[in-house]
Amino acid sequence: MVTRPTPVVASPDGAGLKVLFIGGTGVISAAAAERAVAVGHQLTILNRGNTVLRAVPKGVELLHADIRDTASVRTALGARNFDVVADFVAFTPDQVAADIALFTGRTGQYVFISSASAYQKPPASLPIRESTPLRNPYWQYSRDKIGSEDLLVRAYREDGFPVTIIRPSHTYDRTRIVLTGGWTDIARLRAGRPVVVHGDGTSLWTVTHSSDLAKALVGLLGLPQAIGDSFTITSDEYLPWNTIYQLFAEAAGAPPPRLVHIASETIAAVAPELGPPLLGDRSHSVIFDNSKVKALVPDFVCTTPFAAGVRDILKWFDANPDQQKVDDDLDATFDRLIAAAQTH
(Lines give C-alpha, C1' and ligand atoms only; values in the text may rest on other atoms or scores of the structure.)
Protein backbone atom coordinates (compact mmCIF):
# COMPACT_ATOMS: atom_id res chain seq x y z
CA MET A 1 0.00 0.00 0.00
CA VAL A 2 1.35 3.41 -0.98
CA THR A 3 1.50 5.93 1.87
CA ARG A 4 0.00 9.39 1.52
CA PRO A 5 2.50 11.65 3.29
CA THR A 6 1.57 15.13 4.39
CA PRO A 7 2.74 17.67 1.77
CA VAL A 8 5.97 19.45 2.65
CA VAL A 9 4.77 23.05 2.80
CA ALA A 10 4.94 25.90 5.26
CA SER A 11 2.17 26.20 7.82
CA PRO A 12 -0.79 28.30 6.62
CA ASP A 13 -0.25 30.92 9.33
CA GLY A 14 3.15 31.73 7.82
CA ALA A 15 5.02 30.67 10.96
CA GLY A 16 7.29 28.22 9.18
CA LEU A 17 7.25 24.46 9.15
CA LYS A 18 6.05 22.27 11.98
CA VAL A 19 9.24 20.35 12.77
CA LEU A 20 9.92 17.52 15.20
CA PHE A 21 13.49 16.77 16.28
CA ILE A 22 14.14 13.48 18.03
CA GLY A 23 17.19 14.13 20.20
CA GLY A 24 17.77 17.83 19.85
CA THR A 25 20.58 18.35 22.36
CA GLY A 26 23.54 16.65 20.66
CA VAL A 27 26.41 18.24 18.75
CA ILE A 28 24.54 18.30 15.44
CA SER A 29 20.96 18.49 16.64
CA ALA A 30 21.46 21.36 19.10
CA ALA A 31 22.95 23.54 16.38
CA ALA A 32 20.19 22.52 13.98
CA ALA A 33 17.61 23.42 16.63
CA GLU A 34 19.09 26.91 16.98
CA ARG A 35 19.07 27.36 13.23
CA ALA A 36 15.52 26.04 12.82
CA VAL A 37 14.20 28.50 15.40
CA ALA A 38 16.22 31.35 13.90
CA VAL A 39 14.65 30.87 10.46
CA GLY A 40 11.14 30.72 11.89
CA HIS A 41 10.17 27.05 12.09
CA GLN A 42 7.86 25.79 14.85
CA LEU A 43 10.16 23.30 16.55
CA THR A 44 9.22 20.50 18.91
CA ILE A 45 11.99 18.45 20.52
CA LEU A 46 11.34 14.97 21.85
CA ASN A 47 13.92 13.35 24.12
CA ARG A 48 14.36 11.87 27.58
CA GLY A 49 15.29 15.23 29.10
CA ASN A 50 18.63 14.01 30.45
CA THR A 51 21.12 16.26 28.63
CA VAL A 52 22.10 19.61 30.13
CA LEU A 53 25.35 20.29 28.24
CA ARG A 54 23.63 22.29 25.52
CA ALA A 55 20.71 24.64 26.09
CA VAL A 56 17.42 24.29 24.23
CA PRO A 57 16.53 27.48 22.32
CA LYS A 58 13.73 29.65 23.66
CA GLY A 59 10.36 29.04 22.08
CA VAL A 60 10.92 25.31 21.53
CA GLU A 61 8.25 22.88 22.69
CA LEU A 62 9.74 20.05 24.75
CA LEU A 63 8.25 16.58 24.96
CA HIS A 64 9.80 13.95 27.20
CA ALA A 65 9.68 10.35 25.99
CA ASP A 66 12.11 7.56 25.14
CA ILE A 67 12.16 7.04 21.38
CA ARG A 68 12.98 3.37 22.03
CA ASP A 69 9.64 3.05 23.85
CA THR A 70 7.13 3.40 21.03
CA ALA A 71 4.14 3.47 23.35
CA SER A 72 5.53 6.42 25.30
CA VAL A 73 6.25 8.28 22.06
CA ARG A 74 2.73 7.71 20.75
CA THR A 75 1.35 9.00 24.03
CA ALA A 76 3.57 12.09 23.90
CA LEU A 77 2.70 12.90 20.28
CA GLY A 78 -0.95 12.02 20.32
CA ALA A 79 -2.55 12.46 16.91
CA ARG A 80 -0.18 15.23 15.81
CA ASN A 81 1.38 15.40 12.37
CA PHE A 82 4.52 17.29 11.34
CA ASP A 83 5.84 18.78 8.15
CA VAL A 84 9.29 17.40 9.01
CA VAL A 85 10.59 14.78 11.43
CA ALA A 86 14.36 14.51 11.93
CA ASP A 87 15.74 11.67 14.05
CA PHE A 88 19.25 12.42 15.32
CA VAL A 89 19.51 9.29 17.48
CA ALA A 90 18.65 6.51 15.01
CA PHE A 91 21.69 4.29 14.50
CA THR A 92 20.49 0.81 13.48
CA PRO A 93 18.04 -0.68 10.99
CA ASP A 94 15.77 -1.83 13.84
CA GLN A 95 15.55 1.72 15.16
CA VAL A 96 14.83 3.08 11.69
CA ALA A 97 12.17 0.42 11.09
CA ALA A 98 10.42 1.59 14.26
CA ASP A 99 10.53 5.18 12.98
CA ILE A 100 9.03 4.17 9.64
CA ALA A 101 6.16 2.45 11.43
CA LEU A 102 5.68 5.40 13.77
CA PHE A 103 5.81 8.26 11.25
CA THR A 104 4.33 6.80 8.08
CA GLY A 105 1.48 9.13 7.13
CA ARG A 106 2.39 11.59 9.91
CA THR A 107 5.13 13.62 8.24
CA GLY A 108 5.89 15.13 4.85
CA GLN A 109 9.63 14.58 5.27
CA TYR A 110 11.69 12.25 7.44
CA VAL A 111 15.35 13.23 7.82
CA PHE A 112 17.82 10.48 8.68
CA ILE A 113 21.25 11.45 9.95
CA SER A 114 23.59 8.91 8.41
CA SER A 115 27.39 9.26 8.31
CA ALA A 116 30.09 10.01 5.76
CA SER A 117 31.96 7.08 7.31
CA ALA A 118 29.50 4.93 5.36
CA TYR A 119 31.29 5.86 2.15
CA GLN A 120 33.71 3.35 0.66
CA LYS A 121 36.80 2.80 2.83
CA PRO A 122 39.40 3.20 1.59
CA PRO A 123 37.91 5.54 -1.02
CA ALA A 124 38.80 4.56 -4.58
CA SER A 125 38.90 8.22 -5.63
CA LEU A 126 38.58 11.73 -4.27
CA PRO A 127 36.61 13.86 -3.81
CA ILE A 128 33.89 11.77 -2.19
CA ARG A 129 30.45 12.38 -3.69
CA GLU A 130 26.98 11.01 -3.03
CA SER A 131 27.62 8.57 -5.88
CA THR A 132 30.62 7.08 -4.04
CA PRO A 133 29.75 3.49 -3.05
CA LEU A 134 28.72 2.77 0.53
CA ARG A 135 30.98 0.14 2.06
CA ASN A 136 32.89 0.01 5.33
CA PRO A 137 34.25 -3.39 6.36
CA TYR A 138 36.00 -1.98 9.44
CA TRP A 139 33.32 -0.29 11.53
CA GLN A 140 29.97 -1.73 12.64
CA TYR A 141 28.62 1.77 13.31
CA SER A 142 29.03 2.59 9.61
CA ARG A 143 27.56 -0.71 8.46
CA ASP A 144 24.50 -0.07 10.64
CA LYS A 145 24.08 3.34 9.03
CA ILE A 146 24.34 1.72 5.58
CA GLY A 147 21.74 -0.89 6.57
CA SER A 148 19.47 1.88 7.83
CA GLU A 149 19.84 3.76 4.56
CA ASP A 150 19.00 0.61 2.59
CA LEU A 151 15.81 0.18 4.60
CA LEU A 152 14.77 3.80 4.10
CA VAL A 153 15.49 3.80 0.37
CA ARG A 154 13.39 0.67 -0.01
CA ALA A 155 10.56 2.28 1.99
CA TYR A 156 10.71 5.31 -0.30
CA ARG A 157 10.78 3.29 -3.51
CA GLU A 158 8.07 0.83 -2.52
CA ASP A 159 5.77 2.91 -0.32
CA GLY A 160 6.66 6.56 -0.89
CA PHE A 161 8.05 7.08 2.60
CA PRO A 162 9.43 10.66 2.32
CA VAL A 163 13.03 10.22 3.43
CA THR A 164 15.94 12.61 3.10
CA ILE A 165 19.36 11.18 4.01
CA ILE A 166 22.10 13.40 5.43
CA ARG A 167 25.73 12.27 5.56
CA PRO A 168 27.86 14.50 7.81
CA SER A 169 31.50 13.75 8.49
CA HIS A 170 33.41 14.62 11.69
CA THR A 171 31.28 17.39 13.22
CA TYR A 172 32.20 19.28 16.38
CA ASP A 173 31.18 22.09 18.66
CA ARG A 174 33.03 23.70 21.56
CA THR A 175 32.43 20.62 23.74
CA ARG A 176 34.17 18.17 21.38
CA ILE A 177 37.93 17.63 21.07
CA VAL A 178 38.47 15.87 17.75
CA LEU A 179 41.80 14.28 18.71
CA THR A 180 41.92 10.51 19.24
CA GLY A 181 42.57 10.88 22.97
CA GLY A 182 40.23 13.80 23.63
CA TRP A 183 41.19 15.70 26.79
CA THR A 184 43.83 13.05 27.51
CA ASP A 185 45.76 14.35 24.50
CA ILE A 186 45.35 17.97 25.63
CA ALA A 187 46.72 17.09 29.07
CA ARG A 188 49.70 15.36 27.46
CA LEU A 189 50.33 18.33 25.15
CA ARG A 190 50.24 20.82 28.02
CA ALA A 191 52.62 18.65 30.04
CA GLY A 192 55.07 18.48 27.12
CA ARG A 193 54.56 14.73 26.84
CA PRO A 194 54.54 13.02 23.42
CA VAL A 195 51.21 12.25 21.76
CA VAL A 196 50.28 9.43 19.42
CA VAL A 197 49.30 10.38 15.86
CA HIS A 198 48.03 7.64 13.58
CA GLY A 199 49.94 6.89 10.38
CA ASP A 200 52.46 9.52 9.33
CA GLY A 201 50.11 12.38 10.16
CA THR A 202 49.80 13.52 6.54
CA SER A 203 46.40 12.03 5.69
CA LEU A 204 43.80 14.73 5.12
CA TRP A 205 40.80 15.15 7.38
CA THR A 206 37.65 17.25 7.16
CA VAL A 207 36.17 18.69 10.34
CA THR A 208 32.94 20.70 10.28
CA HIS A 209 31.56 23.07 12.89
CA SER A 210 28.02 22.15 13.90
CA SER A 211 26.71 25.69 13.30
CA ASP A 212 27.91 25.48 9.70
CA LEU A 213 26.41 22.05 9.10
CA ALA A 214 23.11 23.31 10.52
CA LYS A 215 22.82 25.87 7.71
CA ALA A 216 22.62 23.13 5.09
CA LEU A 217 20.60 20.66 7.14
CA VAL A 218 17.89 23.15 8.05
CA GLY A 219 18.01 24.56 4.53
CA LEU A 220 16.91 21.17 3.20
CA LEU A 221 13.84 21.03 5.44
CA GLY A 222 10.64 21.38 3.47
CA LEU A 223 12.23 21.07 0.04
CA PRO A 224 10.34 18.61 -2.20
CA GLN A 225 13.55 18.16 -4.25
CA ALA A 226 15.24 16.63 -1.19
CA ILE A 227 12.74 13.80 -0.83
CA GLY A 228 14.13 10.40 -1.76
CA ASP A 229 17.66 11.73 -2.02
CA SER A 230 20.92 11.83 -0.03
CA PHE A 231 23.28 14.72 0.69
CA THR A 232 26.83 15.03 1.94
CA ILE A 233 27.22 17.98 4.32
CA THR A 234 30.75 18.91 5.37
CA SER A 235 33.18 21.79 5.38
CA ASP A 236 35.29 22.36 2.27
CA GLU A 237 38.34 22.78 4.52
CA TYR A 238 40.65 19.80 4.97
CA LEU A 239 43.83 19.54 7.03
CA PRO A 240 46.59 16.99 7.68
CA TRP A 241 46.35 15.36 11.09
CA ASN A 242 49.77 16.76 12.01
CA THR A 243 48.34 20.26 11.55
CA ILE A 244 45.24 19.43 13.58
CA TYR A 245 47.41 18.35 16.54
CA GLN A 246 49.58 21.45 16.13
CA LEU A 247 46.52 23.72 16.18
CA PHE A 248 45.32 22.14 19.41
CA ALA A 249 48.76 22.54 20.98
CA GLU A 250 48.84 26.22 20.05
CA ALA A 251 45.31 26.86 21.33
CA ALA A 252 46.15 25.05 24.57
CA GLY A 253 49.24 27.20 25.12
CA ALA A 254 51.35 24.04 25.08
CA PRO A 255 54.97 23.66 24.02
CA PRO A 256 55.65 22.61 20.42
CA PRO A 257 54.02 19.19 20.18
CA ARG A 258 56.05 15.99 20.19
CA LEU A 259 54.18 13.88 17.66
CA VAL A 260 54.90 10.15 17.61
CA HIS A 261 53.60 8.50 14.44
CA ILE A 262 52.31 4.97 14.80
CA ALA A 263 50.52 2.82 12.22
CA SER A 264 46.76 2.69 12.69
CA GLU A 265 46.89 -1.12 12.58
CA THR A 266 49.36 -1.11 15.48
CA ILE A 267 47.15 1.23 17.51
CA ALA A 268 44.15 -0.98 16.80
CA ALA A 269 46.02 -4.10 17.91
CA VAL A 270 47.01 -2.53 21.24
CA ALA A 271 43.79 -0.56 21.82
CA PRO A 272 40.95 -2.46 20.07
CA GLU A 273 38.37 0.17 21.05
CA LEU A 274 40.22 2.70 18.86
CA GLY A 275 40.47 0.37 15.87
CA PRO A 276 37.09 0.71 14.13
CA PRO A 277 36.96 4.53 13.92
CA LEU A 278 40.65 4.65 12.94
CA LEU A 279 40.65 1.88 10.32
CA GLY A 280 37.11 2.64 9.17
CA ASP A 281 37.38 6.40 8.96
CA ARG A 282 40.14 8.61 10.40
CA SER A 283 43.15 6.91 8.84
CA HIS A 284 41.91 7.60 5.29
CA SER A 285 42.23 10.93 3.51
CA VAL A 286 38.80 12.42 2.89
CA ILE A 287 37.86 15.37 0.71
CA PHE A 288 34.16 15.90 0.07
CA ASP A 289 32.23 17.45 -2.80
CA ASN A 290 29.35 19.52 -1.35
CA SER A 291 28.06 20.84 -4.67
CA LYS A 292 24.86 18.80 -4.50
CA VAL A 293 23.59 20.32 -1.24
CA LYS A 294 24.80 23.78 -2.28
CA ALA A 295 22.63 23.57 -5.39
CA LEU A 296 19.54 23.35 -3.17
CA VAL A 297 20.83 25.50 -0.30
CA PRO A 298 22.90 28.22 -1.98
CA ASP A 299 23.52 30.10 1.27
CA PHE A 300 25.37 27.10 2.74
CA VAL A 301 28.82 28.53 3.35
CA CYS A 302 31.05 27.35 6.18
CA THR A 303 32.27 30.39 8.09
CA THR A 304 34.08 28.80 11.06
CA PRO A 305 37.65 27.88 10.09
CA PHE A 306 38.97 25.04 12.18
CA ALA A 307 41.72 27.20 13.68
CA ALA A 308 39.02 29.44 15.19
CA GLY A 309 36.95 26.46 16.28
CA VAL A 310 39.90 24.96 18.16
CA ARG A 311 40.35 28.17 20.15
CA ASP A 312 36.68 28.07 21.14
CA ILE A 313 37.05 24.45 22.25
CA LEU A 314 39.97 25.19 24.56
CA LYS A 315 38.26 28.30 25.92
CA TRP A 316 35.19 26.26 26.82
CA PHE A 317 37.14 23.43 28.44
CA ASP A 318 39.24 25.87 30.46
CA ALA A 319 36.00 27.45 31.70
CA ASN A 320 34.56 24.01 32.56
CA PRO A 321 37.21 22.11 34.53
CA ASP A 322 34.70 19.38 35.40
CA GLN A 323 34.86 18.36 31.72
CA GLN A 324 38.65 17.96 31.76
CA LYS A 325 38.69 14.19 32.16
CA VAL A 326 41.88 12.22 31.58
CA ASP A 327 41.35 8.57 30.68
CA ASP A 328 44.05 6.89 32.75
CA ASP A 329 43.82 3.60 30.86
CA LEU A 330 44.12 5.34 27.50
CA ASP A 331 46.97 7.48 28.83
CA ALA A 332 48.84 4.32 29.82
CA THR A 333 48.12 2.76 26.43
CA PHE A 334 49.63 5.79 24.71
CA ASP A 335 52.73 5.44 26.87
CA ARG A 336 53.09 1.77 25.88
CA LEU A 337 52.66 2.55 22.19
CA ILE A 338 55.23 5.35 22.34
CA ALA A 339 57.72 3.26 24.29
CA ALA A 340 57.42 0.42 21.77
CA ALA A 341 57.81 2.82 18.84
CA GLN A 342 60.94 4.40 20.32
CA THR A 343 62.67 1.04 20.75
CA HIS A 344 62.51 0.34 17.02
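Residues numbered from 1 in each chain as written. Predicted model: local features only at pLDDT ≥ 70, side-chain atom pairs only at ≥ 80, totals over all residues. Heavy atoms only, no water.

1. Side note on the sheet that holds strand S11 (residues 229-233)
As a reminder, the rule being used: A pair of strands counts as paired when DSSP detects no fewer than two bridges linking them. Here a strand is any run of E in DSSP of at least two residues, a helix any run of H or I of at least four, and the numbering for each starts at the N terminus. All axes here are fitted lines through C-alpha atoms, helices being fitted over the stretch that makes contact, and every angle between N-to-C directions spans 0 to 180 degrees.
The sheet built from seven strands is open, its strands ordered S3-S2-S1-S4-S5-S6-S11 with parallel pairing. Both outer strands of the open sheet, strand S3 (61-64) and S11, are each paired with one neighbouring strand and no more. Adjacent strand axes in the sheet meet at a mean angle of 20 degrees when their direction is disregarded.

2. Quick look at the environment of Arg 188
Condition: Pairs of N or O atoms are called polar contacts if they sit within 3.5 Å, as long as, within protein, a hydrogen donor faces a hydrogen acceptor (for residues adjacent in sequence, only side-chain-to-side-chain pairs).
The topology assignment puts Arg 188 in helix H5 (residues 183-190). C-alpha separation for the pair Arg 188 and Pro 257, spaced 69 residues apart in sequence, amounts to 9.3 Å. Among the polar contacts made by the side chain of Arg 188, one reaches the side chain of Asp 335 at a distance of 3.0 Å.

3. Points about empty space enclosed by the protein
Going by this rule: The pocket and cavity definitions rest on a 1 Å grid over protein atoms only: a 1.4 Å probe that fits but cannot leave marks a cavity, an open set with protein on both sides within 12 Å along at least five of seven lines marks a pocket, and residues lining either have an atom within 4 Å of a point. Grid points are joined across faces, edges and corners, and a volume is the space filled by probe spheres set on the points. Here the nonpolar group is Ala, Val, Leu, Ile, Met, Phe, Trp, Tyr, Cys and Pro; Asp, Glu, Lys and Arg are the charged ones; every other residue, Gly included, is treated as polar.
Here the structure, examined in full by the defined rule, presents one cavity of 30 Å³ or more. Broken down by element, the residue count for the lining of the largest cavity peaks at three residues, all from strand S8 (residues 195-198). Partitioned by chemical class, the residues of the lining of the largest cavity number six nonpolar, two polar and no charged.

4. Considerations on the packing of helix H3 (residues 93-103) against helix H4 (residues 140-159)
To be explicit about the condition: These descriptions rest on fixed angle ranges, namely under 35 degrees for roughly parallel, over 145 for roughly antiparallel, 65 to 115 for roughly perpendicular, and the rest for oblique. Here is the rule for handedness: rotate from the far helix to the near one, and if that takes an anticlockwise turn smaller than a right angle the crossing is left-handed, while a clockwise turn gives right-handed. Any two residues whose heavy atoms approach within 4.5 Å are treated as being in contact.
Interaxial distance between H3 and H4 falls to 8 Å at its minimum, and their mutual angle equals 30 degrees. With respect to H4, the element H3 is oriented roughly parallel. Two packed elements cross with a definite hand, and for H3 against H4 that hand is right-handed. On H4, the residues touching Pro 93, Val 96, Ala 97 and Ile 100 of H3 are Asp 144, Gly 147, Ser 148, Leu 151, Leu 152 and Ala 155. When its residues are assigned to classes, the contact of H3 with H4 shows seven nonpolar, two polar and one charged.

5. So, unusual backbone geometry
Omega for the bond connecting Lys 121 with Pro 122 falls within 30 degrees of zero, at -10 degrees, which places this linkage in the cis form. When you line up the elements, Pro 122 lands in the loop between strand S5 (110-113) and H4. For the peptide bond that leads from Leu 126 to Pro 127, omega is 0 degrees, which places it in the cis range. Within the element layout of this structure, Pro 127 appears in the loop between S5 and H4.

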